[in-house]
Amino acid sequence: MKFFLDTANIDHISEAHWMGIIDGVTTNPSLMAKEGVKGEDNIIAHYLKICEIVDGDVSAEVISTDYQGMISEGEKLAALHNQIVVKIPVTENGIRAIRYLTGKGIRTNCTLIFNPGQALLAAKAGATYVSPFIGRLDDIGENGMDLVEKLVHIFDVYGFNTEIIAASVRNTNHLLKCMETGVDVVTCPLNVITGLLNHPLTDTGLEKFLSDHRKLND
Ligand code: G3P
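In this report, the structure presented in the accompanying data block is examined. (Residues numbered from 1 in each chain as written. Predicted model: local features only at pLDDT ≥ 70, side-chain atom pairs only at ≥ 80, totals over all residues. Heavy atoms only, no water.)

## A few points about the overall build of the protein chain
Move 1: Along the protein chain, the regular secondary structure elements total 11 helices and 8 strands.
Move 2: Here the protein chain holds 218 residues, and 46% of them are scored as buried.
Move 3: For the protein chain, the proportion of contacts with a sequence separation of at least 24, taken over those separated by at least 6, is 56%.
Move 4: Side-chain charges in the protein chain split into 18 positive and 28 negative, and the spacing between the mean points of these groups amounts to 2 Å. (Helix = DSSP H or I, 4+ residues; strand = E, 2+ residues; numbered from the N terminus. Buried < 20%, exposed > 50% of the residue type's maximum accessible area, 1.4 Å probe, protein only. Contact = heavy atoms within 4.5 Å. Lys, Arg positive; Asp, Glu negative; His and termini not counted. Charge placed at Lys NZ, Arg CZ, Asp CG, Glu CD.)

## Some words on helix α8 (residues 144-158)
Move 1: Counted at 1.5 Å a residue, the expected span for α8 with its 15 residues is 21 Å, and the 22 Å between its end C-alpha atoms agrees.
Move 2: In this structure, the buried side of α8 is in contact with β5 (108-113), α6 (116-124), β6 (129-132), α7 (134-139), β7 (163-166) and α9 (172-181).
Move 3: Between the side-chain oxygen at the start of α8 and the backbone nitrogen of Met 145 there is a gap of 3.0 Å, and the oxygen is on Asn 143.
Move 4: Just past α8, the residue Gly 159 takes up positive phi, approximately 70°. (Expected span 1.5 Å × (residues − 1). Polar contact = N/O pair within 3.5 Å; in protein donor to acceptor, adjacent residues only side chain to side chain.)

## Things to note about the packing of helix α4 (residues 67-80) against helix α5 (residues 92-103)
Move 1: At a minimum axis separation of 9 Å, α4 and α5 run at an interaxial angle of 40°. As far as their axial angle goes, α5 and α4 are oblique. Judged by the sense of rotation from one axis to the other, the crossing of α4 with α5 is right-handed. Along the contact surface, α4 presents Tyr 67, Met 70, Ile 71, Gly 74 and Glu 75, while α5 presents Asn 93, Gly 94, Arg 96, Ala 97, Tyr 100 and Leu 101.
Move 2: When the residues that make up the contact of α4 with α5 are grouped by side-chain class, the tally is 6 nonpolar, 3 polar and 2 charged. (Axes fitted to C-alpha atoms, helices over the stretch in contact; angles between N-to-C directions. Parallel < 35°, antiparallel > 145°, perpendicular 65-115°, else oblique. Left-handed = near helix turned anticlockwise from the far one by under 90°. Nonpolar A, V, L, I, M, F, W, Y, C, P; charged D, E, K, R; others polar.)

## Thoughts on the pairing of β6
Move 1: Of the two faces of β6, the one lined by Tyr 129 and Ser 131 and the one lined by Val 130 and Pro 132 are each fully buried.
Move 2: The pairing of β5 with β6 spans 3 bridges and is classified as parallel. Counted as the bridge partner of Ile 113 is Pro 132 from β6.
Move 3: Of the crossover connections in this fold, the one passing from β5 over α6 to the parallel β6 is right-handed.
Move 4: Direction of pairing for β6 relative to β7: parallel, over a ladder of 2 bridges. Within β7, the residue paired with Val 130 across the bridge is Ile 164. (Pairing = 2+ DSSP bridges. Right-handed = clockwise from strand over helix to strand, strands pointing away.)

## Some words on the sheet that holds strand β8 (residues 185-188)
Move 1: What the 8 strands build is a closed barrel, ordered β1-β2-β3-β4-β5-β6-β7-β8; its pairing is parallel. Between one strand and the next, the sheet's axes are offset by a mean angle of 30°, whatever the strand orientation.
Move 2: Relative to β8, strand β1 (residues 2-6) runs parallel, the two sharing 4 bridges. The partner of Phe 4 across the bridge, within β8, is Thr 187.
Move 3: Across the face of the sheet, helix α3 (residues 40-53) comes into contact with β2 (24-26), β3 (57-61) and β4 (84-89) while running at roughly 165° to β3.
Move 4: Docked against the sheet, α9 engages β1, β7 and β8, running at close to 170° with respect to β8.

## Regarding the site of the ligand
Move 1: Every residue lining the ligand is accounted for by Asp 6, Asn 28, Leu 31, Phe 133, Arg 136, Ala 167, Ser 168 and Arg 170.
Move 2: Between the ligand and Asp 6, the relevant distance is 2.6 Å, taken from an oxygen atom to a side-chain nitrogen or oxygen of the residue.
Move 3: In the model, an oxygen atom of the ligand is placed 2.7 Å from a nitrogen or oxygen of the Arg 136 side chain.
Move 4: When the free accessible area of the ligand is taken as 310 Å², the share hidden by the protein chains comes to 82%.
Move 5: For the shell around the ligand, the per-class residue count stands at 3 nonpolar, 2 polar and 3 charged. (Near = heavy atom within 4 Å. Areas by Shrake-Rupley, 256 points an atom, 1.4 Å probe, with all protein chains shown as cover.)

## A short note on the side chain of Thr 162
Move 1: Among the structural elements, Thr 162 can be located in the loop between α8 and β7.
Move 2: Looking at Thr 162, its side chain comes within polar contact range of the main-chain oxygen of Ala 127, at 2.8 Å.
Move 3: Apart from the residues within four sequence positions on either side, Thr 162 is in contact with Ala 123, Ala 127, Thr 128, Tyr 129, Val 130, Phe 155 and Asp 184.

## Notes on the packing of helix α1 (residues 10-19) against α3
Move 1: It is at 10 Å that the axes of α1 and α3 come closest, and there the two elements cross at 15°. With respect to each other, α1 and α3 are oriented roughly parallel. In terms of crossing hand, the pair formed by α1 and α3 is right-handed. Contacts between α1 and α3 pair Ile 10, Ile 13, Ser 14 and His 17 from the former with His 46, Lys 49, Ile 50 and Ile 53 from the latter.
Move 2: Classifying every residue of the contact of α1 with α3 by side-chain character gives 4 nonpolar, 3 polar and 1 charged.

Coordinates in, geometry out; function isn't part of it.
As structure tokens, this is what we get:
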């Protein structure tokens, strides 16, 4: 299972990279805005900085909603760096844009997936990745993990090459549950990943080892 960091925060990306725990990065316009990145030149420079830090795929999202706008933005983003994957929302124009960009050899991540039908259409259009949003389904009383489980099953049955990225992963419990589904990738903030390290028995065990050592050596 691959871990992508779902952030545009350079400090978090660097920290995760040096820990050796991430395989890529996903961003979206909200995450870029959260870091105060605005203006085309700054946005481009920010994507390039992320690509310099990490070795894997970096998803950069289009802002256009019309077909021509999506494909021309997608081509520009893909030309920035060979690690860039063009992130496209799952609309009718988005599906057409994925088909076009796939034909040009450009990799895509189809985002804002909330049901299996949307994911299936994106996969048929040739998307490299589909991103079902777990937390946002939980927010409205549905079960985001059920969607991930269904997609893993459906993609397996039909043999799609498209990889599934579990997104909108809000807590470590989501992450642990994702591990059991066999999903290809999980993207989440750094604290959700480092939360995997937390266990009270680890803390008390370490305390005991160190106090036993001190008893003999002080
Ligand atoms: O990868 C999608 C993610 O950034 C959305 O997360 O927490 O805004 O639902 P959230």
